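# Structural overview
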Amino acid sequence: MITFDHVSVTFADAPAPVLRDVNLTIPEGELCLVIGRTGSGKTTLLRAINGLVPHFSGGTLSGRVLVDGRDTRDHRPRDLADVVGFVGQDPLSGFVTDVVEDELAYGMESLGLPSEVMRKRVEETLDLLGLAELRHRPLTDLSGGQQQRVAIGSVLTTHPRILVLDEPTSALDPLAAEEVLATLQRLVHDLGLTVVLAEHRLERVVQYADRVVLVPGGARPVRDGSPEEVLVDSPIAPPVVELGRVAGWQPLPLSVRDARRKAGALRAQLADLTEPPHTAEPVAGSTAGPVAVTEHLVAGYGQTPVLQGISTTISAGEIVALMGRNGAGKSTLLKTLVGMKRPSSGRVHVDGQVPAELKPRDLLRHVGLVPQVPADLLYESTVGRECTQADKDAGVESGTTRALFERLSPCVDPAQHPRDLSEGQRLTLALAIVLAAEPPLVLLDEPTRGLDYTAKHRLVEILRDLAAAGHGIVLATHDVELVAEVATRVLVIADGELVADGSTPDVVVSSPAFAPQVAKILAPQRWLTPTDVALALADAETVSR
Amino acid sequence: MASSTTLRRSAGVLISLFVAVFVAAGFSGTAHAVDGYKFWNYFHATDGAWAFSQKGASAYEPADGTIEGYRFGTTTANDTDGLPPRADLAEVNFETICGAAEADVDQKRVGVVIDYGTEADAEDTTPPAPRAECAVVDADANGLQVLQAVANVRIENSFSCAIDGYPAQGCGTPVADATDTTGEQPVAFELPADETVEETAPAADPAGDDGNDLLFPLVLAGVVVVALGAGAFALNRRNPDA
Amino acid sequence: MRPQHLVTFPRNLHPGAWWLWALGLAAAASRTQNPVPLLLILVVTGFVVAARRSNAPWAKSYGAFLKLALIVIAIRIVFQAVLSSGSQGPTVLFTLPEIPVPSDTGIKLGGIISLEAVLRAFYEGLQLATILCCIGAANSLGSARRLLRYVPGALYEIGVACVIALTFAPQLVTDAGRVRAAHRLRGQTSRGLGSLKRLAMPVLEGALDRSIELAAAMDSRGYGRTTDAGRVSRRVTGLLVFGGLLGVCVGVYGLLAGTSAGWVGLPMLLGGCLLAAVGMFFGGRRTGRTKYRPDPWALPEWLVTGTGLAAAVTMFVAVERTPADLFLASVTQVPPVPLLACAGILIAIAPAFLAPPLPRSDRPQTAQPQQLEVAA
């Protein structure tokens, strides 16, 4: 169905090709998962399938890409619209109309299909994706998962044989992601569609994949094969695979179900060992008082309250994960903590101050927030200038931010434009800027969006260091694996109210939505990460020797 | 291919037609229009003669004992002298206009001569009879305030467009085939009678007598506006998501 | 009779009908400064919007336009009545302390405030505000994006440009808000030229990224696949349509301004219409796009358009017949009630009942209670 024949892609001002000599065949009816670190060329590979590379992006493509017998050299993306459906990362930015039904019809209108055909296909697609209820709804009113399903539907109406998706679940909460992935699986199984998707959060998708394509980046050769083969020694792997490696299971399990069936022995082996506590260690030498206190906090937009009476305390040295559905009030709570939003009633105190009443230049010494889009914080033209400006803003010795950034992300050329940094580097730059003023409370809004496993591991280390240094940290996130790895306490917000507040194992192990894979495999034991298991096993071994 | 050639040819014909129409229209426009404009000309009486004002009425402060003149009529674009009121300043002078009026210490008296122009410049109506009034105003009043003391002035975008509702609409209306009028004969002006010198109040409501006739529809309109507004509000409240 | 001819058959009215109705009212408002008809137009638009708006996000824009209208009036009053020396009349309301400014600038600060100046500024502001509200009503009753679906094939590219602009203008505003809030976190105050520069870079970059994303999405969904005519014919039709529209604009201006030479008005309008129609006919033939479920243009559409047109026509007739009622001779006079014009405006309230009711799913009161929230 899709054939890459000695394909290399070089962009205009790049010194080296993004993809070099890719040979790849994806047969019909497969769900093919493309994995790789950020910036490794995953997106380029996906876009080469429908001709966006090189027709839209520029650059040179050598070799040949054949899609359903059509050569992308002679066919522009629009000429492939009836063969390949392409769904980008942010569904909202790809919408052309404003109502679900019209959006589904847009592609067909462009192809000039007769209206009876359009009518029939729209109805079929609405049913297929479970969108019939939403047909007249404005696109902006839909939830993230619904939007993503509409985006999928809008390319399905042209009856493509191939569906290409670039990180379709990166912005979604776990349940919405399930919804989208279930839809995709149904398309593969029922319609025999060929689906190619890129995804960072392997734990969500790897179990559905028939084939995994690993794009290692740095123009090293692309590998492909069955998920078990590729993941054996892949540098990026979901927790279930890591646990499999730790336990030495063959073949590697890909789903919680597979792993659980193999885990009897491991559970028995672990039964006598104690799980690590996952609680905050007392901060040495500091007063360790609360860095933030909220009491009966109510805040909202206009008539609709988003937060409805939140009372909690955050101490120095804690890493608190804030979880909940999209729109549950996580971001609003962070905003009230930095004074971007005034509470309509109740109290917020951060480091003994009321954040909404602080002047901006005093605020950054008490609390810092890394926003969902870290680039919002950046406005200078080079990394170096960004750091100097941050020193000035924070009123600290010049070079402080630079040194912080060096420590968080070594080996970045200070003359680079912040836009050219990878997602992870941009996040650490924003974090360095925030940390320059040494705020006792550091907030992060969805820090792992777009981060690969390596960058995530780095982030985990950084957060642990910060907590050990006495910062209180709050992160709003959907990423259950990150929470399992790093959080010492979890707050779950639903409908503006605090529904759970406790140590990480207490809150997540029993929750179907928030439990990490390892907890699901080893339940009722309270293990959260493969690393915990590995360490405990290693300890037990040394003791027994 | 044949169809595309036909299309191209017919389009070419159409474009030339289009250009021709535009050019013709443009030429006919320019031929007719050494454009003149119809508006109220503003004058000061100095040394027994009318002088076209170089300033707008609101930017000019007439002195006590002077006369201001207004004349409605057509002038061409290259006319710089304006169209003066057809008043003989020997007969219509400060004494005859303001002789009977009295002013307080901090007030001044200014004569105002208003000439509504000729039948030719009126559109389907007869212009009102020319008149002269004495304005007794605050000592620092400007020309426009002086005029408003004796007449209703319709102002649009800071231009004085009509005096006493004449002309009923339009402002600086362009006139095709305009010619400058010269050598007009003076006409008779209605002078204020001794006892009817107007004080500072502007000309009374033109329909002041039948105020009730005017008030009833106004109240009705007000009721309709309030009712519809309340209805809209109520309907909107019923839709709670706003 | 087909059901779409029934005024009781629930469906969405053609957005074009709403826009024509609103433009009729706006045209009427442009021909008078008498507050009575202006206020009537204002409440008529408000009433119809309240009666027939959906629960879509754009349907809430009338409120925003109304606020904008109030701001326009306020600005007008401040600048004309308080800051301009020329327009003060004899009826002094009060005197503010005056700051001396050279007299030839025509500006004053403080000094006397007269009833005439305030009223005149109010009436002129009210006219502008009413026209704004008409546009707001059109926008909230018939989505501008939906309207652009009906842009003739020859103008399709322009329609697309409008769609993108419509998407990004509000997006820019929210982005700017977000970035400003983020800059506060860096200890920056959001004032001065420097802050504007800092704001511009991330906001514009974001907008650029998104437009590229949208373009990629449209390209991969087949946009422009069927419009493959030769360059010459494309240019020719483009020129025809543009020339025609230019003619229409000049003609409409000539008619509305009522002051220009005769040839600018009706002949120009008709000529422009003809040219544009020819261009669109040829241009429309070259696109192979089809339309999904086009809104029908049936009896209710005719009725709604008709009522808007009626309001405009009666106003124009009234201006011809009794100009003194529509252009006040003096702002202080009790405004007369132009019966003919008011009757015409009141006809335009009929769409509150003549436009078909909205289908259930679009009606505000039946919004799904379990509707998921958008990310706050």
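Structure: above.
The following paragraphs examine the structure supplied in this document. (Residues numbered from 1 in each chain as written. Chains lettered and ligands numbered in written order. Predicted model: local features only at pLDDT ≥ 70, side-chain atom pairs only at ≥ 80, totals over all residues. Heavy atoms only, no water.)

Each helix and strand in chain A was counted, giving 21 helices and 19 strands. By the burial criterion, 59% of the 545 residues in chain A qualify as buried. Once local pairs closer than 6 in sequence are excluded, the contacts in chain A between residues at least 24 apart make up 67%. Summed over all atoms, the accessible surface of chain A reaches about 20,600 Å², with 49% contributed by carbon and sulfur. (Helix = DSSP H or I, 4+ residues; strand = E, 2+ residues; numbered from the N terminus. Buried < 20%, exposed > 50% of the residue type's maximum accessible area, 1.4 Å probe, protein only. Contact = heavy atoms within 4.5 Å. Areas by Shrake-Rupley, 256 points an atom, 1.4 Å probe, with all protein chains shown as cover.)

Time to look at the side chain of Ser143(C). Among the secondary structure elements, Ser143(C) is positioned in the loop between helix H4 (115-141) and helix H5 (144-148). Polar side-chain contacts of Ser143(C) include one of 3.0 Å to the side chain of Asp98(A). Discounting chain neighbours no more than four positions away, the residues touching Ser143(C) are Asp98(A), Pro15(C) and Trp58(C). (Polar contact = N/O pair within 3.5 Å; in protein donor to acceptor, adjacent residues only side chain to side chain.)

Further remarks concern unusual backbone geometry. The linkage connecting Val53(A) with the following residue, Pro54(A), adopts the cis geometry, with an omega of 5 degrees. The omega angle of the peptide bond from Tyr166(B) to Pro167(B) is -5 degrees, so this bond is cis rather than trans. Summarising the element assignment, Pro167(B) is placed in the loop between strand E7 (159-163) and strand E8 (173-175). Even without a glycine there, the phi angle at His6(A) is positive, about 50 degrees. Along the chain, His6(A) turns up in strand E1 (residues 2-10). On the basis of relative accessibility, which here comes to 45%, the residue His6(A) falls in the partly exposed class. In this structure, Glu438(A) takes a positive phi of about 50 degrees despite not being glycine. Following the sequence through the fold, Glu438(A) ends up in the loop between helix H16 (423-435) and strand E16 (441-445). Note on Glu438(A): relative accessible area 61%, which makes it exposed.

Counting from both sides, the interface comprises 58 residues of chain C and, opposite them, 82 residues of chain A. Together chain C and chain A conceal approximately 6,000 Å² of surface at their shared face, both sides included; 50% is due to carbon and sulfur atoms. Among the residues chain C hides against chain A, the three largest losses belong to Arg186(C), Arg221(C) and Tyr292(C). Together they make up 17% of the total. The interface formed by chain C and chain A contains 11 salt bridges. The closest approach of N and O atoms between Arg186(C) and Glu386(A), which form a salt bridge, is 2.7 Å. Joining chain C to chain A, the criterion identifies 18 residue pairs in polar contact (both at pLDDT 80 or more). The set of elements that each furnish at least two residues to the side of chain C that touches chain A consists of H5, helix H6 (156-185) and helix H7 (192-220) of chain C. The greatest single-element share of the side of chain C that touches chain A, amounting to 15 residues, is contributed by H7(C). When the residues that make up the side of chain C that touches chain A are grouped by side-chain class, the tally is 23 nonpolar, 15 polar and 20 charged. (Buried area = accessible area lost by both parts, 1.4 Å probe. Salt bridge = Lys/Arg side-chain N within 4 Å of Asp/Glu carboxyl O. Nonpolar A, V, L, I, M, F, W, Y, C, P; charged D, E, K, R; others polar.)

Turning to the packing of aromatic side chains, a few remarks are in order. Residue and element names in this part refer to chain B. Here the structure, examined in full by the defined rule, presents 12 aromatic pairs over all chains. With a centroid separation of 5.2 Å and 45 degrees between ring planes, the pair formed by Phe-43 and Phe-52 is classed as tilted. Look at Phe-52 and you get partly exposed, because its relative accessible area is 25%. In this structure an aromatic cluster arises from ring pairing among Trp-40, Phe-72, Tyr-116 and Tyr-166. (Phe/Tyr/Trp six-rings, centres within 6.5 Å; stacked < 30°, edge-to-face > 60°.)

Our next topic: helix H12 (residues 330-337) of chain A. All names here are of chain A. In terms of residue burial, H12 counts as a mostly covered element, since 7 of its 8 residues are buried. Three or more residues of H12 are buried, namely Lys-330, Ser-331, Thr-332, Leu-333, Leu-334, Thr-336 and Leu-337. Of the residues flanking the end of H12, it is Gly-339, one or two places downstream, whose phi is positive at about 80 degrees.

Further remarks concern the environment of Val150(B). Residue and element names in this part refer to chain B. Note on placement: Val-150 falls in helix H3 (residues 143-150). Taking the relative accessible area as the measure of exposure, Val-150 reaches 1% and is therefore buried. C-alpha of Val-150 to C-alpha of Val-112: the two residues are 38 residues apart in sequence and 7.9 Å apart in space.

Here we come to the sheet that holds E16(A). Residues and elements named next belong to chain A. Strand order in this open sheet of 6 strands is E15-E16-E17-E13-E18-E19, and the pairing throughout is mixed. Of all the strands in the sheet, the pair left with one neighbour each is strand E15 (367-370) and strand E19 (497-502). Here the average twist between neighbouring strands, direction ignored, is 20 degrees. The pairing of strand E13 (residues 319-323) with strand E17 (residues 472-476) spans 4 bridges and is classified as parallel. Within E17, the position partnered with Val-320 by the bridge is Val-474. Docked against the sheet, H12 engages E13, E15, E16, E17 and strand E18 (489-494), running at close to 150 degrees with respect to E16. (Pairing = 2+ DSSP bridges. Axes fitted to C-alpha atoms, helices over the stretch in contact; angles between N-to-C directions.)

Moving on: the pattern of salt bridges. All names here are of chain A. One pass over the full model with this rule turns up 41 salt bridges over all chains. Between Arg-161 and Asp-68 there is a salt bridge whose closest N-O contact spans 3.4 Å. Placement of Arg-161 in the loop between helix H5 (144-156) and strand E7 (162-166) and of Asp-68 in the loop between strand E4 (60-67) and strand E5 (70-71) is noted, with a sequence separation of 93 residues between them. Asp-68 sits in the partly exposed class, given a relative accessible area of 29%.

Another point: the state of the cysteines. Residues and elements named next belong to chain B. The full count for this structure, using the stated rule, is 2 disulfides over all chains. Between Cys-98 and Cys-134 runs a disulfide, and the two sulfur atoms are separated by 2.0 Å. Sign of the S-S torsion, about 105 degrees for the bond between Cys-98 and Cys-134, identifies this disulfide as right-handed. Of this pair, Cys-98 sits in helix H2 (residues 94-98) while Cys-134 sits in strand E5 (residues 131-138), placing them 36 residues apart in sequence. Take Cys-98: its relative accessible area is 0%, and that puts it in the buried class. Using a relative accessible area of 3% as the deciding quantity, one classes Cys-134 as buried. (Disulfide = S-S within 2.5 Å.)

The subject of this paragraph is the nonpolar core. Residue and element names in this part refer to chain A. In this structure, Leu-441, Leu-443, Leu-463, Ile-473 and Val-490 are the most contacted members of the largest nonpolar core, which totals 80 residues. Tallying contributions element by element places H16 first for this core, with 8 residues. Discounting chain neighbours no more than four positions away, the residues touching Leu-441 are Val-291, Ala-292, Ile-314, Val-350, His-366, Val-367, Gly-368, Gly-472 and Val-474. The next biggest cluster of nonpolar side chains, apart from the first, holds 68 residues, and it includes Val-100, Leu-129, Ile-236 and Val-518. (Core = buried A, V, L, I, M, F, W, Y, C linked by side-chain atoms within 4.5 Å.)

A few words now on the sheet that holds strand E11 (residues 290-301) of chain A. Residues and elements named next belong to chain A. Judged by pairing direction, the sheet is antiparallel, and its 3 strands sit side by side in the order E12-E11-E14 without closing on themselves. With one partner strand each, in any of the chains shown, strand E12 (304-315) and strand E14 (345-350) form the two edges of the open sheet. Between one strand axis and the next, the sheet turns through 20 degrees on average, direction left out of account. Relative to E12, E11 runs antiparallel, the two being bridged by 9 bridges. The residue of E12 that forms the bridge with Leu-297 is Ile-310. Seen against the sheet, H12 touches E11, E12 and E14 and runs at an angle of roughly 120 degrees to E11.

With that out of the way, let us pick up the pairing of E4(A). Residue and element names in this part refer to chain A. Relative to E4, E1 runs antiparallel, the two being bridged by 7 bridges. Bridge pairing in E4 links Ile-2 to Val-67. From the end of E4 to the start of E5, which pair antiparallel, there are 2 residues, and Asp-68 there has a positive phi angle of about 50 degrees.

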